[in-house]
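Inside the fold
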Amino acid sequence: ACLLEENPVQQDYISQAIHCMKLEYADGIPVSEIAKRLNLSRSYFSVLFKERTGQAPQDYLTTLRMEKAIELMTQYGMSPSIAAVSTGYSDIYNFSRMFKRYTGQSPRTYIQKNSRQ
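Okay, so let's go over this structure. (Residues numbered from 1 in each chain as written. Predicted model: local features only at pLDDT ≥ 70, side-chain atom pairs only at ≥ 80, totals over all residues. Heavy atoms only, no water.)

Considerations on the environment of aspartate 59
Topologically, aspartate 59 is positioned in helix 4 (residues 57-75). Put simply, aspartate 59 and valine 31 are 28 residues apart on the chain and 10.0 Å apart in space, counted from C-alpha to C-alpha. (Helix = DSSP H or I, 4+ residues; strand = E, 2+ residues; numbered from the N terminus.)

Have a look at this one:
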């Protein structure tokens, strides 16, 4: 687990949160856990995060996961189910739904059109 400072200044909350997300996205860390580690309410954390990054924390985390899944499938030839587990999704159907929302295509279709083979 990533370690967070006990009392960071307000701007450091977000850099620490991003650091945690990058380290633990594959473990399926929820935004609520990151907020809890920072001793912030989820709603206040979300406001701070969006002010600083322009993106909701869940959207940022989803982007991290989807970009890594795309890399794993297109560059390393992983199946969607392995890529899903490797990026923190325990449910392949949820992964597929999120992937389609993110890319506009199913994982299989995306692989067929974008793989380096």
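Quick notes on the nonpolar core
Formed by 17 residues in total, the largest nonpolar core has its most connected members in Ile14, Met21, Ile34, Leu38, Phe45 and Phe49. Sorting the residues of this core by element identifies helix 1 (10-24), helix 2 (31-37), helix 3 (42-53) and helix 4 as the ones contributing at least two each. Per-element accounting of this core gives the leading share, five residues, to helix 1. Those residues in contact with phenylalanine 45 that lie beyond four places of it in its chain are Ile14, Ala17, Met21, Val31, Ile34, Ala35, Leu38, Leu40 and Pro57. Grouped together as the second largest cluster of nonpolar side chains are 13 residues, Met66, Met73, Met98 and Tyr110 included. (Core = buried A, V, L, I, M, F, W, Y, C linked by side-chain atoms within 4.5 Å. Buried < 20%, exposed > 50% of the residue type's maximum accessible area, 1.4 Å probe, protein only. Contact = heavy atoms within 4.5 Å.)

Functional significance is not addressed by these values, which are geometric in nature.
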